[in-house]
Amino acid sequence: MYDSPNSEAKIGQKAIKISANKVQVYYGDTHAIKDVDVQIEDKTVTAFIGPSGCGKSTFLRCLNRMNDTIDICRVEGEILLDGEDIYDKRVDPVQLRAKVGMVFQKPNPFPKSIYDNIAYGPRIHGLARSKADLDDIVEKSLRRGAIWNEVKDRLHAPGTGLSGGQQQRLCIARAIATEPEVLLMDEPCSALDPIATGQVEELIDELRENFSVVIVTHSMQQAARVSQKTAFFHLGNLVEYGMTGQIFTNPNDPRTESYITGRIG
Amino acid sequence: MSASLIFLIVVALAAVGFVLGRGRAMASAGGDIRNLHSLPSYYAFNVALSALVPALILLVVWLIAQPALIENRVQSMIPQDRYADRGELSLIMSDVRRVADGLDLAVERDALTREEASSIRTEFTDVRSRLADIGVALGSDVDRTTLTAAQRYRALNATGNAIRNALVILAALAGLGLSLWKTNHEFRARNSVEKVVMALLIGAASLAILTTVGIVLSLIFNTVEFFKLYPAMDFFFGTTWSPSFGGGSELGILPLFWGTFYISLIALAVAVPIGLFAAVYLSEYASPYVRGFAKPLLEVLAGIPTIVYGLFALLTVGPLLVSVFGEQGGLGWMQGGTAVMTAGLVMGIMLIPFVSSLSDDIINSVPQSMRDGSLGLGATKSETIRQVVLPAALPGIVGAVLLAASRAIGETMIVVLGAGAAARLSLNPFDAMTTVTAKIVSQLTGDADFASPEALVAFALGMTLFVITLALNVFALWIVRTYREQYE
């Protein structure tokens, strides 16, 4: 089911960041994710593709335990972050989410100033020793979020006043500010126009230098453009996982091919 | 025929029109609904409404206009030298009406014939005793002018009623006929029925607004009267409240105003934190099951009549406070059960569901994506609530608090029973005080002479209160609108 040993060897040079083994997710009686095994590498962009309702967002939300906030959701199996099980009782989900940041489908800046939006995480986690330190973190995050030049003169204006694309980059910068190791993105461009999408994609490519990025997307072009590895989900199963180029040009599974060529969806 | 009978006739005509309209529409379509522009019931309603609406409007207008017109005509029959001012004239007119009603009753009971009633003369008949026989008591003997005026009043009324009846039924028939004539399969009955529905909605909305205007006008009128009798400066800045109907009363609003303010302040100090915390618990922490029964239970508090809260204050809270803060408790701060603190605490309890229910709705309307965003950054639940949810909900919460404040200011029963009746300026929350609303009640109950400043002051107090609560409500709405976060 996996890619050929050949490509495995090439990507094997990078360390494994997250390793999921036999993950099952249930919503009440519904078995939403079945037996998913996936190894997500460090400093790589991994794309999850698949038709709506195939479980890709659900699986993404398992990686930082956001599913804990849903009462009827139950997760089984093992997800290791740097070799430690994140569903272990000793793991504090709050601490975990600081390490595994998340960007959502719709930009959701807090109704605060741009500065306070970015400073929110660092303040909560006590990352800044002084005001100057915090200023530094805010500037650095906004620069890494590729939005510094647009907002540097109005840091104290409300974040909700920005355009959609700027808001989404603000949210990415906000997620970066807590110094996460992994960044999860749940369809980050679905509410954006093509220009803003282009800017965010460029940003994702730059983020790869420092983070392991996992992105859920409905756009196959987007997956092809930004990711190095792609996982195809269908009806709660991980159908195929491999190098992006290979998935899109020479998929092993007939279902993957049908989806990519637009025959199932 | 009385007006109610006419009304029934018109309704019956409308019902007939309903059936006829439907039948005619169906006939013109050859019995096939698909050939009709609108559903058959629309044609039926169109005919019924055409019969009903113009006739009823005419009836209502007539019922309002006729007495005024007749009154005017009869008044002119009374010689100028019989009365000195409008007050005396209105006394004579009420006599005239009383006699006219008595004559009506006499005819009805067969004590007088119809002809006798309109032809009897004071010279030959003792009208007072004849009317007394059938149970109509008159204050004095009926003189000639009054009797002739009363007879004229009856005659005019009878003619007016007859014309009214004829016209109303004619209008109903005309509406019925016209709309029946228009009814055919191409007529757009649906659109015309919808116009009537819209007019009904407009009518309902304007009635509510007009009532508000009417209330304000009646307040303004009496307030102006009051300020003619009592200087406004003394009213607004006087520090003594001691009305005495014998004269020489001091009517300063400040002690009452201070009482209102103090009691409301304590009520809000109780209601806002408790209500807010309850709202946060219910909307953020409670499981759906707990929420399902806790929220309705909390809202039961809102359904308790305020007089019951007043009893609670008088019988339970007051004595309890005295036993702690009174002589027995060793502190000796509190003389009796009625005090600012008693009323404030109970009023606070009354306001809890008000604050919590509104705040709960507002907190729930903060989008889940805000919470997700914060939780996704590694914030705990309470950090998320404190730093994201509550700030986002703050404008709405401030609005809720201001609305609660205007309720507290307008509250009366709890104050009457819980706070006492002494108007005084004091800082001690265990003193008895009173509020503007409680004093409005006490100034108007009993035998109030509506020409004295002691009674009219109630309207000035009411007006002041109205302006204050209106300002609070407008301010609350303004805050909610200006600072409301627009979520998509």
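Every value quoted in this text rests on a predicted model; they were computed, and no experiment measured them.

If you tally the helices and strands in chain B, you get 17 helices and 2 strands. The principal-axis extent of the C-alpha atoms belonging to chain B is close to 90 × 80 × 35 Å. Within chain B, buried positions represent 41% of all 488 residues. Taking as baseline every contact in chain B between residues at least 6 positions apart, the subset at least 24 positions apart corresponds to 72%. When the accessible surface of chain B is split by element, carbon and sulfur atoms take 66% of a total near 25,400 Å². For chain B, the separation between the mean place of its 32 positive charges and that of its 36 negative charges on side chains is 10 Å.

Moving on, we come to the interface of chain A and chain B. Opposite the 24 residues of chain A that make contact, chain B presents 21 residues. Regarding the contact of chain A and chain B, the summed buried area is about 1,700 Å², with carbon and sulfur atoms giving 61% of it. A per-residue breakdown of the area chain A buries against chain B is headed by Pro111(A), Tyr120(A) and Ile124(A), which together make up 30% of the total. Applying the counting rule to chain A against chain B returns 0 salt bridges. Viewed at the interface, chain B and chain A are joined by 4 residue pairs in polar contact (both at pLDDT 80 or more). Breaking the side of chain A that touches chain B down by element, the ones donating at least two residues are α3 (93-99), β6 (100-103), α4 (114-125) and α7 (164-177) of chain A. Here the side of chain A that touches chain B is composed, by residue class, of 12 nonpolar, 6 polar and 6 charged.

Attention now moves to the pattern of salt bridges. Scanning all chains against the criterion turns up 25 salt bridges over all chains. Between Lys131(A) and Asp135(A) there is a salt bridge; the shortest N-O distance is 2.9 Å. Residue Lys131(A) and its partner Asp135(A) are both found in helix α5 (residues 131-144); the two are separated by 4 residues, about one turn of the helix. On the basis of relative accessible area, Lys131(A) is assigned to the exposed category, the value being 56%. Judged by relative accessible area, Asp135(A) falls into the partly exposed class, the value being 31%. Where Arg424(B) meets Asp431(B), a salt bridge forms, and the shortest distance between an N and an O atom there is 3.8 Å. Relative accessible area serves as the criterion here: at 35%, Arg424(B) is assigned to the partly exposed category.

Let us look at the layout of surface pockets. Each pocket or cavity is described by its volume, and for the largest pocket that value is around 600 Å³. Every residue lining the largest pocket is counted, 23 residues in all, and those nearest its centre are Thr69(A), Asp71(A), Glu284(B), Gln368(B) and Lys381(B). Elements that contribute at least two residues to the lining of the largest pocket include exactly α3 of chain A together with α9 (254-285), α10 (288-303), α13 (368-376) and α14 (381-410) of chain B. Here the lining of the largest pocket is built from residues that sort into 9 nonpolar, 7 polar and 7 charged.

Sites flagged by UniProt as "domain: ABC transporter" (unreviewed entry) map to residues 18-260 of chain A. In residues 18-260 of chain A, helix accounts for 38% and strand for 27%; the two terminal C-alpha atoms are 26 Å from one another.

It is worth spelling out the sheet that holds strand β5 (residues 84-85) of chain A at this point. All names here are of chain A. Read from one edge to the other, the open sheet built from 4 strands follows the order β2-β1-β4-β5, with strand pairing classed as antiparallel. The sheet is open, and its two borders are formed by β2 (30-41) and β5, each paired with just one other strand. Pairing analysis gives 8 bridges linking strand β1 (residues 16-27) to β2, with the strands arranged antiparallel. Opposite alanine 20, over in β2, you have valine 38 as the bridge partner.

Quick look at the sheet that holds β6(A) now. All names here are of chain A. Spatial ordering of the open sheet is given by β6-β7-β8-β3-β9-β10, a layout of 6 strands whose pairing is mixed. Edge positions in the open sheet fall to β6 and β10 (237-243), since each of these has one partner strand only. Across the sheet, the axes of successive neighbouring strands diverge by a mean angle of 15 degrees, strand direction being ignored. With 6 bridges connecting them, strand β9 (residues 229-234) and β10 associate as antiparallel partners. Note that in β10 the partner of histidine 234 across the bridge is asparagine 237. Those strands touched by α7 are β6 and β7 (182-186), and its axis lies near 170 degrees from that of β6.

All names here are of chain B. A contiguous nonpolar surface patch, about 570 Å² in accessible area, is contributed by Met233, Phe236, Phe237, Leu254, Phe257 and Leu425. Put simply, the parts of the chain that give the nonpolar patch at least two residues each are α8 (232-237) and α9. For the nonpolar patch, the leading source of residues is α8, giving 3 residues. With respect to the secondary-structure elements, phenylalanine 257 resides in helix α9.

Take α14(B) next. Between its first and last C-alpha atoms α14(B) spans 38 Å; for 30 residues at 1.5 Å apiece the expected length is 44 Å, and the helix comes up short by more than 12%. At Leu394(B), α14(B) shows its strongest bend, of approximately 55 degrees, with the proline Pro395(B) following within four residues.

With that settled, consider the state of the cysteines. Put plainly, two cysteines are in a disulfide when a covalent bond ties their sulfur atoms together. Residues and elements named next belong to chain A. For the structure shown, the criterion picks out 0 disulfides over all chains. Free cysteine cysteine 171: the closest other cysteine sulfur is in cysteine 189, separated by 12 Å. According to the relative accessible area criterion, cysteine 171 is buried, its value standing at 4%.

When cut into domains, chain B gives domain 1 (3-187) and domain 2 (236-483). One C-alpha centre belongs to domain 1 of chain B, the other to domain 2 of chain B, and the line joining them spans 50 Å.

Residues and elements named next belong to chain A. Here serine 212 shows up in strand β8 (residues 212-216). On the accessibility criterion, serine 212 (0% relative accessible area) is buried. In terms of polar contacts, serine 212 uses its side chain to reach the backbone carbonyl oxygen of glutamate 41, at 3.0 Å. Contacts of serine 212, omitting those with residues within four sequence positions, involve Lys17, Ile40, Glu41, Asp42, Lys43, Thr44, Glu181, Val182 and Leu183.

All names here are of chain A. With a phi angle near 50 degrees, lysine 22 is a residue other than glycine that sits in the positive phi range. One can find lysine 22 in strand β1. Here the phi dihedral of lysine 43 falls at roughly 50 degrees; this positive angle occurs in a residue that is not glycine. As for its position among the elements, lysine 43 is in the loop between β2 and β3 (45-49). Note on lysine 43: relative accessible area 36%, which makes it partly exposed.

Turning to the nonpolar core, a few remarks are in order. When a protein is soluble and globular, its nonpolar side chains tend to lie buried together. Within the largest apolar cluster, 100 residues are counted, with the highest numbers of intra-cluster contacts made by Ile172(A), Met185(A), Leu207(A) and Leu461(B). Sort the elements by how many residues they give to this core and α14(B) lands first, with 12 residues. Excluding residues that lie within four positions of it along the chain, Leu461(B) makes contacts with Phe235(B), Trp241(B), Ile253(B), Leu256(B), Val436(B), Lys439(B) and Ile440(B). Judged by nonpolar contacts, the second largest core, of 34 residues, contains Ile33(A), Cys54(A), Phe104(A) and Leu375(B).

Thresholds applied
Residues numbered from 1 in each chain as written. Chains lettered and ligands numbered in written order. Predicted model: local features only at pLDDT ≥ 70, side-chain atom pairs only at ≥ 80, totals over all residues. Heavy atoms only, no water. Helix = DSSP H or I, 4+ residues; strand = E, 2+ residues; numbered from the N terminus. Buried < 20%, exposed > 50% of the residue type's maximum accessible area, 1.4 Å probe, protein only. Contact = heavy atoms within 4.5 Å. Areas by Shrake-Rupley, 256 points an atom, 1.4 Å probe, with all protein chains shown as cover. Lys, Arg positive; Asp, Glu negative; His and termini not counted. Charge placed at Lys NZ, Arg CZ, Asp CG, Glu CD. Buried area = accessible area lost by both parts, 1.4 Å probe. Salt bridge = Lys/Arg side-chain N within 4 Å of Asp/Glu carboxyl O. Polar contact = N/O pair within 3.5 Å; in protein donor to acceptor, adjacent residues only side chain to side chain. Nonpolar A, V, L, I, M, F, W, Y, C, P; charged D, E, K, R; others polar. 1 Å grid on protein atoms, 1.4 Å probe; cavity = no way out; pocket = protein on both sides within 12 Å on 5 of 7 lines; lining within 4 Å. Points joined across faces, edges and corners; volume = space filled by probe spheres on them. UniProt positions renumbered as here; feature names shortened; annotations may be inferred. Pairing = 2+ DSSP bridges. Axes fitted to C-alpha atoms, helices over the stretch in contact; angles between N-to-C directions. Patch = residues over 30% accessible without salt bridge, like charges linked within 9 Å, V, L, I, M, F, W, Y side chains within 5 Å. Expected span 1.5 Å × (residues − 1). Bend = angle between axes of the 7 residues up to and from the residue. Disulfide = S-S within 2.5 Å. Domains from an automatic or database assignment. Core = buried A, V, L, I, M, F, W, Y, C linked by side-chain atoms within 4.5 Å.

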